[in-house]
Each structure stands twice: as C-alpha cells, then as structure tokens.
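Coordinates in review
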Amino acid sequence: MKTIKVGIIGCGNISSIYMENIPKFKHMELVACSDLDLSRAQARAEQYNIAKACTVEQLLQDEDIDLVINLTIPAAHAAVCLQALEAGKHVYVEKPLAVTREEGQRMLDVARSKGLLVGSAPDTFLGGGIQTCLKLIHDGWIGTPVAATAFMMSRGHENWHPDPEFYYQQGGGPMFDMGPYYLTALVALLGPIRRVTGSAGISHPERTITSAKKYGQKIQVETPTHIAGVLDFHSGAIATLVTSFDIQGGTNLPHIEIYGSQGSLRVPDPNSFGGPIQIRRAGTDWEQIPPTHEYTGNSRGLGVAAMAHAIQTGQLDLHRANGELAYHILEAMHGFHDASAQGTHYEMKSSCERPLPLPPYFVFE
C-alpha cells in the first residue's frame, strides 16, 4: 500500500507525542513539521529526526504531503484546516474540531466537496480501555445502558502549562479543553446525543499563573470554568456531566460510570488509552476486567493511523475519529453554554454514527 506522507503544523506542547508515535505506524511517514516560530519547528525536527522543518505555507504547498495534522491553538484550528483542505490534503486536528459550529460545518462541507477526509482528536476512545468497555456493553454484560455519570474536576492549567492563557479564552475552558474526551467516550458508549441542558459559570474572573515560565502573570477569564450538564441520548439513556477548572481540593469521583439494567461499568480515564476497567453486576462485588484490545499506552496519533488506513484501503468505517463525530461533540459543548444562557434545553441538530468496537487485538501497523 502507498505510504501516507504526513506533515504537522504546530510544534507546541502536544506535538512531541505525535512526533514520537506517528513513525511507529508503518503505513505513515512523518516528513515535515512547521510552526509560526520556525526555530521551534527546527528544534522539533532535529529532536525527532524529521526530514524538513518549514513555514506553514511551504508545508501546505508541498505536493508530496497527503495528510496534515493540525496542532495549533483552538482559535486557529478552522483556518489552518481549511487552508490544508483547499490545498488538497486530508486533515486531522487536535480537539476541539473548531471554536464555532459554523467553522466546523464549513470544514466538513469543504472536505466533502473535495473528496477529502477530516479527522479530529480525541482518539483515546480507540485505545484498549474504552474499546474493552464498548465490547462489554455490546456483549450485554450490564444489560441495557440507562444512565451514566462523568466528572472532569481539576484546578486549572495555570498551575502546570507553560502557556495557559488560551485555556481561559473563547474556545477554551474545561468543556472545550477536556469535554471532548468525556463526550466522545459517552457517545461511543451510549450513541448520539438528542438534547442537552446545563448551568455554566466563571468562578474566578482572574487567574494567576504559577507555572515557571510565566509565574505571577495574570489571566482574565473569558469563558465558563465550571459547567454542570445533563445529556439525553437517542438510545434513551440519561447522563450527568460536570467539567471544572475550579476544584482546588481534589475529588474521589469516578471519571465515567455507565449504569445498565443488569449492572454497572466503571470506565477508565477518557484522557488515557488504558486504565482499570471494573464491572459490578447484581449480587456481586466490583471486579476488574483485563483489556481485550491493543493500545493501552499513550497512543496519541492512533486516530491518524486509522484515518490513513481508511484512505489506503477504502475501509472508511475504520475512520472512527471522524469529522462528523467531532462536529457532534462540538455542537453539544456549545449546547451546554447555550442552555445555561437561555435557561432551556438545547435540541441537537447534528447526529453521527456510533463507533462500533474494533476487533480485539486489531493493530494499525
């Protein structure tokens, strides 16, 4: 099969794991990287033995590159993806798909008109942890799922991230930063969302950076930092989701639990590819379930590998971290904010295919 040649745009904090993992997938070749700061791209190229460091324009004009991975900040996601699509390249973008629903829809429309694929993080739901949970549900271990809870509770990123400002701007906040992991996992486990409602607020209008690089600098908060939501799924299940950057003392709440007619399933951290899986059926204690699927380590880039495999083989069902799923998640995240502002439910306009579990021990290598 033809090797898919890949270029990365954006050489910031998240790029290192992609640059480390992409070469592990034998049907892809990472041939170039770019950044607004060319010296940063050059440093990454040297660190990860990438053949070419170049400007964004040069990368987009390179006819050898088939697929662009967009790791820019959220505010630039749509603009960079649209440029790549217009240049005739498939795109895979870090979460969220875009900042606005209009931008996200425009990306899908342009890709469709050009016969190109759009993919988006998170791809953690393709890892062994959540894939095992998907198999357990599909095999009927907990009966019919009727409810779920999900909690992402943290202090905020100013405590560790070297450049945390964008997490508190439009397109940031706990819902747009971490919500994609939780919502994508819930859609994979329960199917597409019918409507959402919730309450959202800014608990601290100003934040102080305590990470080393910008220690003591102030951030003016522009987006809600605590969102409590309820989701109704087309399947009939109802879920509670809380995402927060305002939890200073920690919590013992589970990441995700799914409650079925015959038992409960404790799902590992959706920001990871593996982790403990526990199940408890009526009249029994919690028991740990070993993973039935591959990729339980940090496998970021797995969604790109599945996308590249789909391009090569024409098996588009393998492209599961796809644009339609990412847009459905983007709309739901906005829906929570809209519902809070308007004091009502938000009825979802989009839908998506529920990603089926991968075959056990399937590898994209």
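Our structure's up above, just so we're on the same page.
Residues numbered from 1 in each chain as written. Predicted model: local features only at pLDDT ≥ 70, side-chain atom pairs only at ≥ 80, totals over all residues. Heavy atoms only, no water.

Let's shift gears to the environment of Gly 301. Note on placement: Gly 301 falls in the loop between β16 (287-288) and α9 (302-313). On the basis of relative accessibility, which here comes to 0%, the residue Gly 301 falls in the buried class. Put simply, Gly 301 and Tyr 18 are 283 residues apart on the chain and 5.6 Å apart in space, counted from C-alpha to C-alpha. Setting aside residues no more than four positions away along its own chain, Gly 301 makes contact with Tyr 18, Ile 22, Phe 25 and Asp 123. (Helix = DSSP H or I, 4+ residues; strand = E, 2+ residues; numbered from the N terminus. Buried < 20%, exposed > 50% of the residue type's maximum accessible area, 1.4 Å probe, protein only. Contact = heavy atoms within 4.5 Å.)

This paragraph deals with the pairing of strand β2 (residues 28-34). Of all 7 residues that make up β2, 6 are buried, and the element is covered over most of its length. A crossover connection joins strand β1 (residues 4-9) to the parallel β2 through helix α1 (residues 15-21); in handedness this β-α-β unit is right-handed. Alignment of β2 against strand β3 (residues 52-54), held across 3 bridges, turns out to be parallel. Along β3, the bridge assignment pairs Ser 34 with Cys 54. Taken together, β2, helix α2 (residues 38-48) and β3 constitute a β-α-β crossover, and its handedness is right-handed. (Right-handed = clockwise from strand over helix to strand, strands pointing away. Pairing = 2+ DSSP bridges.)

What follows deals with the sheet that holds strand β8 (residues 193-201). Pairing is mixed across the open sheet formed by 9 strands, whose spatial order is β16-β15-β14-β13-β7-β12-β11-β8-β17. Here the strands that pair on one side only, and so sit at the sheet edges, are β16 and β17 (346-347). Most of the contacts of helix α10 (residues 323-342) go to β8, to which it runs at about 50°, and overall it touches β8, β11 (226-233), β12 (238-244) and β17. (Axes fitted to C-alpha atoms, helices over the stretch in contact; angles between N-to-C directions.)

With respect to the helices, strands and loops of the structure, Ala 45 is situated in helix α2. Sequence spacing of Ala 45 and Thr 132 is 87 residues, and the spatial spacing of their C-alpha atoms is 36 Å. Setting aside anything within four residues of it in sequence, one finds Ala 45 in contact with Cys 33, Ile 50 and Ala 53.

Let us look at the pattern of salt bridges. Counted by the stated rule, this structure contains 20 salt bridges. Ionic pairing is found between Arg 281 and Glu 287, a salt bridge with its closest N-O pair at 3.9 Å. Judged by relative accessible area, which is 34%, Arg 281 ranks as partly exposed. Overlapping salt bridges, with partners in common, bring together Asp 163, Glu 165, Lys 213 and Lys 214 in one network. (Salt bridge = Lys/Arg side-chain N within 4 Å of Asp/Glu carboxyl O.)

Attention now moves to the pairing of β12. Across the 7 residues of β12, 5 count as buried, placing the element largely inside the fold. When strand β7 (residues 145-153) meets β12, the two strands line up parallel, connected through 7 bridges. Pairing of Thr 149 across the sheet is with Thr 240, part of β12. Where β11 meets β12, 7 bridges bridge the pair, whose relative direction is antiparallel. By the bridge assignment for β12, Gly 229 is matched with Leu 241. Between β11 and the antiparallel strand that follows it, β12, lie 4 residues; Gly 236 among them carries a positive phi value of about 105°.

This part takes up α2. When we look at burial in α2, the residues that qualify are Ala 41, Arg 44 and Ala 45. The buried residues of α2 all sit within an arc of 100° when viewed along its axis, so they share a single face. In this structure, the buried residues of α2 make contact with α1, β2 and β3. Just past α2, the residue Asn 49 takes up positive phi, approximately 55°. (Arc of directions from axis to C-beta.)

Bringing the sheet that holds β2 into the picture now. Strand order in the open sheet formed by 6 strands is β3-β2-β1-β4-β5-β6, with parallel pairing between adjacent strands. Both outer strands of the open sheet, β3 and β6 (118-120), are each paired with one neighbouring strand and no more. Between one strand axis and the next, the sheet turns through 25° on average, direction left out of account. Sheet topology note: the β1/strand β4 (residues 67-70) ladder contains 4 bridges and is parallel. In the sheet register, Ile 9 faces β4, and the bridge partner there is Asn 70. Across the sheet, α2 touches β2 and β3, and the angle it forms with β3 is around 170°.

Distances and angles like these do not, on their own, reveal function.
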